[in-house]
Every structure is written in C-alpha cells, then in structure tokens.
Amino acid sequence: MRTVGVEEELLLVDPETGEPRALSAAVLARAAQDEADGDVFEKELHTEMLEFATHPQSGMADLGAEIVRCRKEAARLAEGLGCTVAALATSPLPVSPSIGVGRRYQWMAEQYGITSRDLVLGCHVHVSVESDAEGVAVVDRIRPWLSVLSAISANSPFWQGGDTLYSSYRSRVWQRWPSAGPTEVFGSAECYHRRVADMVATGVLLDEAMVYFDARLSQRYPTVEIRVADVCLDASTAVLIATLARGLVETAAREWRAGQEPLPHSVSLLRLAAWRAARSGLTEELLHPATMRRLPAQTVVRALLDHVGEALAETGDLECAQDACAELLRNGNGARVQRELMERTGSLREVVRECARRTQA
C-alpha cells in the first residue's frame, strides 16, 4: 500500500481580532524546546504562517489522527504567545505580510517583488512511488483530475477584506509565481529532469525547490507531491484530499503499466479547468477531466470517485471517500462555510474566530 504524507500551512492570527500575527519564529522556538515535535513544524516564506508535515502513513485513520494532533499542538504552541492558528488559505482580513529572515527568502523578495508578499496557504500531499519513471508517468496521467481536488478543497473566498467571488482565490494568486501551474506531458523521467534543469538554468528560479508544478517529483522523498489544494478548514477534508490523491496515483500507475497513454489535454485547457474550479468550487459547474466540457460539480466529483474507485476499494477507503464527498456536496467546503459565516455574522473577524475554532476541533 502506498504511503501518504500531508503538509499543511496554518495562519497565525490574533484570537480576538482575527488579524494575522507575524509570530512564526517565536512559535518555532517554542516547538524546538519540545523534542517530540521539534521536527514537525517548519518556517515558511511569511512569518504569519506555520507549516507542519505529518509522517508517512498507510492508513487514512492514522493520517487523520496525526493531522488533528498537529493542529492542536500548533494551537497550544501559539496560545502561549497570544495567538492561535486557523486553517484558512487566505486571510479574510487585510494583511501586509512579513518576509522571513534568511538569504533564500530575501532573494525571493528581491526577485519577485509584490508577488512574494501575497500571503496564501496550501495543503501538499505526498504519495509514495517506486521510481522516478513511475512518478513521472503518474504526473503525466493525473493532470486533468487535479482541478477537481482544487474545487473540493476550496477555502479562500476572501482577500484583503473583500469577497473575491472565487471559491479558491489562493489558487489564482499562486499562479503569479513563474513556475506554478499545470504541465505538459513529459513522457519520461529523463525529459522531466531535463526540463527542471533547464528551468533552473535560466536563473529565474533559485533552485529546483522553486519548480512549483501542480504535481512534481519531491526532492526529498520518493514521492509525487500534489500541490493544488487549499489548506482545508476541516481536518476531515484534508484526509479526503489525501485519500483521493493516493487513489489518483495508484490508478495512474496502473494505467502506465497497462500501456494506457495520458490524456493529451493541452496546458491551455488545464489552466481553464483550474480557473473554473477556483471560481466555482463545489457550488456550480466544473470541467469534466476527460471531456473538458462543463458539467455540474456533483457529476464531476462522482466521475473522480468512479475513476479511482477500484484503487480506493482495495485500500478500504472507497466508502469513506464517497461519504465525505457527499457531505461536502451537501454542506459545503471551506469557501461556502466562510461565506455562510459572513452572511450570518456580518463580520470577517467572526469568520476568522470561528474558523480558528473549527481548525482545532
């Protein structure tokens, strides 16, 4: 069974006002004193965010338990410093984020200017693969399905104090980075590595870690890293994204071994599918990954479940994934929850406070 790990980026906020707080260095210093969790939390580009990474897990129940534990531990560490954590992919309230210290982050700030000051928070899923050859075959074959994961995870309707009309505005902001987004079919590990080397050689990117493909081979682990999801409001949604990601990887690997070619969709079409997912979330239409034509979101989500159904059934995850998708389609993802909170309370501060509570539930 393939292992799965999740990286989540959490927003540090004032528990009363909901405003972002630039306290990641202090939180990390506290975490370093705790030997059990000193290696779980990491710094990120902005000091208003805190990242954690789970260990590789084979069982989704174990993965979910670790996500919940890490979220609670992050909140405990932050609490002693007068802040808390919220799983929000953008700050609903206005923010002027601070760049972290260090040569790498300063280079990014100087190179990319205002783009480096966009505060967005994602969820990255690592799924184990047997080799670079299998990994690139997977990257080539999961491309059309990634927009559906983006729609499911959508959790960023607000930006700088206003409603963007998008469900995942984070994903639109993220596209400002020069290496971000969907990729063409690579065809082989050799072609993949050559493309990455050529990109770094331009000097536009500092190093290979700045190749921000929607799905890429991890530098550090024998995994495919899927990078399209917003950080999810509820831990259960993060588990669903991880479950579907593993199903996609396993299904793609089987297609490769069976000699089935990737769908030949152009990057132009994939970008349109990603835009549609960011705009609609689960409330309107999405582009079907096979046909690239509009269909109701629930129809496209069911198509994804059908696509990975055999793989999920073999790991015992199919029924849980079906139930989780049905609940999201019925009750809404993070974007819908945030908008409903805003409609009910009329206050973005209350939105942040309630989302912080749900993050730690």
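A quick note: this is a predicted structure, and the numbers were derived from the prediction, not measured. Along each chain, residue indices are assigned from 1 in the same order as the chain's sequence is written. Selection of residues for local features in this predicted model requires a pLDDT of at least 70, selection of side-chain atom pairs for listing and counting requires 80 or more, and totals for whole chains, interfaces and linings are taken over all residues. Side-chain numbers here rest on the full set of heavy atoms in the structure, without hydrogens or water.

Caption draft 1: Spatial organisation of the packing of helix α5 (residues 146-153) against helix α10 (residues 297-315). In the contact formed by α5 and α10, the axes pass within 10 Å of each other and the chain directions differ by 120°. Comparing the axis directions of α5 and α10 gives the class oblique. Note on packing geometry: the crossing formed by α5 with α10 is left-handed. Taken together, the residues of α10 that come into contact with α5 (itself represented by Val-148, Leu-149 and Ile-152) are Val-300, Val-301 and Leu-304. Looking at the contact of α5 with α10, its residues break down into six nonpolar, no polar and no charged. Helix axes are fitted only over the stretch in contact, all axes being lines through C-alpha atoms; the angle between N-to-C directions runs from 0 to 180 degrees. Each helix is a run of H or I in the DSSP string that is no shorter than four residues. Each strand is a run of E no shorter than two, and both are numbered from the N terminus. Each angle is binned into one of four classes, with values under 35 degrees roughly parallel, values over 145 roughly antiparallel, values of 65 to 115 roughly perpendicular, and all other values oblique. Should the near helix be turned counterclockwise from the far one by less than a right angle, the crossing is left-handed, whereas a clockwise turn marks it as right-handed. We call two residues contacting when some pair of their heavy atoms lies within 4.5 Å. Each residue is assigned to one of three groups, with Ala, Val, Leu, Ile, Met, Phe, Trp, Tyr, Cys and Pro labelled nonpolar, Asp, Glu, Lys and Arg labelled charged, and all others, Gly among them, labelled polar.

Caption draft 2: Focus on helix α9 (residues 267-280). Compared with an ideal rise of 1.5 Å per residue, which puts 14 residues at 20 Å, α9 spans 20 Å between its outermost C-alpha atoms and is within 8% of the ideal. For α9, the full list of buried residues reads Leu-270, Ala-273, Ala-274, Arg-276, Ala-277, Ala-278 and Ser-280. At its buried positions, α9 is contacted by α5, α6 (169-174) and β10 (285-287). One or two steps after α9, the chain reaches Gly-281, where phi turns positive at roughly 60°. Multiplying one less than the number of residues by 1.5 Å gives the expected span of a helix. Throughout this description, buried means an accessible area under 20% of the type-specific maximum (1.4 Å probe, protein chains only), exposed means over 50%, and partly exposed covers the range between.

Caption draft 3: Structural view of the nonpolar core. Residues Val-125, Leu-149, Ile-152, Trp-177, Ile-226, Leu-244 and Leu-304 are the most contacted members of the largest nonpolar core, which totals 112 residues. Among the elements that line this core, the one with the most residues is helix α8 (residues 235-257), at 12 residues. In this structure, Trp-177 is in contact with Leu-45, Met-108, Tyr-112, Thr-115, Ser-116, Met-210 and Tyr-212, ignoring residues within four places of it in sequence. The nonpolar core is taken to be a set of buried Ala, Val, Leu, Ile, Met, Phe, Trp, Tyr and Cys residues, with the residues joined through side-chain atoms within 4.5 Å.

Caption draft 4: Layout of helix α12 (residues 334-345). Spanning 12 residues, α12 covers 16 Å between terminal C-alpha atoms, matching the ideal 16 Å at 1.5 Å per step. Summarising the contacts, the buried residues of α12 are in contact with β6 (158-159) and α13 (348-359). After α12 finishes, the residue Gly-346 shows a positive phi value of roughly 70°.

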